[in-house]
Amino acid sequence: MTCWGVVQGGGRVLLSEPRELVLAYDREAPADQLRAVFPADKLWEELREVLVLEGGDTLFWGVVDEQNARLAADGLLIELVCRSREALLLDNEAEPLPLRNPSLESLGRRLLEPLGFRKIMGPQEGVRGELPVEKGSSCWQVLAGFCREAFGTQPYVDLEGVVRCEGIKPWRLRLDRVISAQLSRMPCRRLSAVWKQGYRGGYDTPYRDPEAPVARQRYISAESGRSPRAVLEEARQVGFLLTVVCAGAWWPVRGGVAEVEIPRVGRFAGCPVRQAVYIRDSRGQRTKFVLERGEKDVADGKAEPGGRPETDQRPGGGWRGFCHTGGQPV
């Protein structure tokens, strides 16, 4: 593993081998997080960015939020706390002026180029009308809101620094070398019905989950813009979580749909990756996954293996050598 720091002037410095490194992904959070601890023989120059590579592939590229030096019994240690480059969009306020007939090209000029992003990928057609930009909105909020309304996608920044707005297609992730696992069923999170407000003001349109164990219902106003079906599906997903810790390293995981055999529990397939944490320390390497309910819950004994994802191409390049054979695309 090779770690580079980017100093304030733009030059790169080679960092020492990390004593401990933790890389975290959460599908609901725009930016990945990195925490790394390095041995040092003196204070480091202030860093603004960090790159983590293995075998020539980039595992992480992000901005430094904290650079902490501490003296311990075993010497001087430097701790870096970082977020991936989506942090630049999160931390910068967008100019509060509306955009007429917005497109990714115009958003790129207004929001992305001033922050150092040179390439944006996605549908190039514009949208008729006006995109309001309220005071206090971050560049991320504006871009994500536009992508959600125009394309039904969530933007992200890939490991080459390209802003991707076309959405990400699922790809198959075969997990093995299971160290530990925990299956959590939480019927308390399931909803039996969601009622949507009609144009007359009443909540008269029900959407139901016939498999919910007990009655739990919610009401959605017309102004919320939320989909009742999406609310039901989200409640269904969080009512079942499978946590798996696998030996070795698996990265990147964005868009992964996992398949795993757990001894004395069963086989699970078609399980979207909700969260993942990669840990590298004195005990070796391991990756913890939090998986959602698959298309077919094989371990229930009700059904067969889950369906094949739309594609099995790992997105954005990534570190092929970081995955042993079981974790490669098939």
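Heads up: the structure comes first, above all this text.
Description of the structure in this document.

With that settled, consider the packing of aromatic side chains. All chains considered together, the criterion is met by six aromatic pairs. A ring pair is formed by Phe38 and Trp44, whose centres lie 5.3 Å apart and whose planes are at 55°; its orientation type is tilted. Of the residues examined, Phe38 reaches a relative accessible area of 1% and is grouped as buried. Ring centres 6.4 Å apart and planes at 20° place the aromatic pair Trp195 and Tyr219 in the stacked group. Remark: Tyr219 occurs in strand β17 (residues 217-220) and Trp195 occurs in strand β15 (residues 193-197); sequence separation between them is 24 residues. By way of ring pairs, the aromatic residues Trp195, Tyr203 and Tyr219 are connected into one cluster.

Now for the side chain of Thr287. Positionally, Thr287 belongs in strand β21 (residues 284-292). Only 3.1 Å separates the side chain of Thr287 from the backbone oxygen of Gly248, close enough to count as a polar contact. Within the structure, the side chain of Thr287 is placed 3.3 Å from the backbone nitrogen of Trp250, a separation counted as a polar contact. Apart from residues lying up to four places away in sequence, Thr287 is in contact with Val244, Val245, Cys246, Gly248, Ala249, Trp250, Val277 and Tyr278.

Rules and cut-offs
- Residues numbered from 1 in each chain as written.
- Predicted model: local features only at pLDDT ≥ 70, side-chain atom pairs only at ≥ 80, totals over all residues.
- Heavy atoms only, no water.
- Phe/Tyr/Trp six-rings, centres within 6.5 Å; stacked < 30°, edge-to-face > 60°.
- Buried < 20%, exposed > 50% of the residue type's maximum accessible area, 1.4 Å probe, protein only.
- Helix = DSSP H or I, 4+ residues; strand = E, 2+ residues; numbered from the N terminus.
- Polar contact = N/O pair within 3.5 Å; in protein donor to acceptor, adjacent residues only side chain to side chain.
- Contact = heavy atoms within 4.5 Å.

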